[in-house]
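This is what each chain is made of:
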Amino acid sequence: MKQVVSVSLGSPTGDFEREIVMGNETVHLVREGVDGDMERARARIRALDGHVDAIGLGGIDIYLYVGGKQFIIGDGLRLAQEAKKTPVVDGSGLKDTLERKAVLDLADRGLAGPETRVLMVSAMDRFGMAEAFMELGSRCVFGDLMFHIGIDYPFHTLTELDEYAEKMRSRLLSVPFHMLYPTGERQLERKPDPRFQKYYDEADIVAGDRHLIHRHMPDRLPGKGILTTTTRPSTLDEYRTAGVRWVATTTPDLDGVSSGTNLMEAAMVAVLGKPPQELTRDDYYACLRDMGWHGSFHEFPKETQ
């Protein structure tokens, strides 16, 4: 049995264990939240190194890929370097493939296409998803400045994102990650911001990182669609209560849990037995096809909206 562990900077309230079958392999998946404690994360990665088949980094990225260019998250890279034997991945390979496919699946359902209004709370960390929406002709608002820094300045084009990423290159390397993204218990906080209400209100679909969607989410999102990941039953209940029409996840449903891309990518790496740096987009697509992986889709009855 392959052993795969996600060490997450998120809250341990989201921890779970599952076993899945991938081809001829059984994979034991574990998610372990360290509540934003970087030293605990480093220690846990060192303890797992050489004893599991692959490690996922949750709640933080190692690399961002924007406009075909790689950008390094300093804190993420330093965490990954704690492992000397076991491969460490952050989910960026799946974000570039599975999340593109998730957008096309919505298009096949008639839920996304030209003129669909999309609020992507952050696009730099999900550039594949952003590109897929733009290729459909959707009208996108990219909220990277709003949801990471608190500045009410939306982007509308991939060129703007590319230029912003270049301006952020040195900052991504040096700034403590918790200043860019909520970690630990901060992920559970919801602080609706009246400055951003209009972007939620005007969107047909709210897409991207679940914690960032939650961060400034208003009490009501009547008739909206949500495209995200790392959902739990409580997450779906929250969206249902807010009047959301449907929720689609980019990763498969694992008995009520939608895992982060980092854990699922780590499972792929463990089964394929290839170093992550050697895997291509075609390798990921081939594996997704062979495994039959697809996200989940939850549609809520109208009477609950």
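Just so you know, these numbers come straight off a predicted model, no measurement behind them.

(A) Looking closely at the nonpolar core. Leu119, Met120, Phe133, Ile205 and Leu227 are the most contacted members of the largest nonpolar core, which has 76 residues in total. With six residues, helix H5 (residues 127-136) is the largest single contributor of residues to this core. Residues Phe16, Val257, Ala266 and Ala267 belong to the second largest nonpolar core, which totals 24 residues.

(B) Representation of the sheet that holds strand S4 (residues 54-58) within the structure. The strand order across the open sheet formed by five strands is S2-S3-S1-S4-S7, and the pairing between neighbours is mixed. The two strands at the open ends of the sheet, each matched to only one other strand, are strand S2 (16-22) and strand S7 (88-89). In this structure, S4 lies alongside S7, joined through two bridges in parallel fashion. Of the residues in S7, the one forming a bridge with Gly56 is Val89. Contacts between helix H1 (residues 38-48) and the sheet are confined to strand S1 (2-8), strand S3 (25-33) and S4, with S1 contributing the most and set at about 170° to the helix. Its contacts with the sheet put helix H11 (residues 261-272) on S1, S2, S3, S4 and S7, and the angle it makes with S1 is roughly 150°.

(C) Representation of the domain arrangement of the chain in the model. Each domain of the chain was delimited in the assignment, giving domain 1 (2-90 + 259-287) and domain 2 (95-253 + 296-304). If you average the C-alpha positions of domain 1 and of domain 2, the two centres end up 22 Å apart. Of the residues lining the interface, 31 residues belong to domain 1; the matching set on domain 2 comes to 30 residues. On the domain 1 side of the contact with domain 2, Val66, Phe71 and Thr261 bury the most area, a combined 20% of that side's loss. Inspection of the region where domain 1 meets domain 2 yields four salt bridges. A salt bridge links Glu166 to Lys69, with the nearest nitrogen and oxygen atoms 3.0 Å apart. Linking domain 1 with domain 2 are ten residue pairs in polar contact (both at pLDDT 80 or more). Breaking the side of domain 1 that touches domain 2 down by element, the ones donating at least two residues are strand S5 (63-66), strand S6 (69-72), helix H2 (74-80), H11 and helix H12 (281-291). The element that contributes the greatest number of residues to the side of domain 1 that touches domain 2 is S6, accounting for four residues. Here the residues of the side of domain 1 that touches domain 2 are counted per class, giving twelve nonpolar, twelve polar and seven charged.

(D) Broad picture of unusual backbone geometry. Positive phi, close to 60°, is recorded for Asp35, a residue that is not glycine. Tracing the sequence through the fold places Asp35 in the loop between S3 and H1. Residue class for Asp35 comes out partly exposed when judged on its relative accessible area of 34%.

(E) Structural detail: the pairing of strand S9 (residues 139-142). Bridge analysis of strand S8 (residues 117-120) against S9 gives four bridges, and the strand direction is parallel. Residue pairing in the sheet places Arg117 in a bridge with Arg139 of S9. The parallel pair S8 and S9, bridged by H5, forms a crossover whose chirality is right-handed.

Rules and cut-offs
Residues numbered from 1 in each chain as written. Predicted model: local features only at pLDDT ≥ 70, side-chain atom pairs only at ≥ 80, totals over all residues. Heavy atoms only, no water. Core = buried A, V, L, I, M, F, W, Y, C linked by side-chain atoms within 4.5 Å. Buried < 20%, exposed > 50% of the residue type's maximum accessible area, 1.4 Å probe, protein only. Helix = DSSP H or I, 4+ residues; strand = E, 2+ residues; numbered from the N terminus. Pairing = 2+ DSSP bridges. Contact = heavy atoms within 4.5 Å. Axes fitted to C-alpha atoms, helices over the stretch in contact; angles between N-to-C directions. Domains from an automatic or database assignment. Buried area = accessible area lost by both parts, 1.4 Å probe. Salt bridge = Lys/Arg side-chain N within 4 Å of Asp/Glu carboxyl O. Polar contact = N/O pair within 3.5 Å; in protein donor to acceptor, adjacent residues only side chain to side chain. Nonpolar A, V, L, I, M, F, W, Y, C, P; charged D, E, K, R; others polar. Right-handed = clockwise from strand over helix to strand, strands pointing away.

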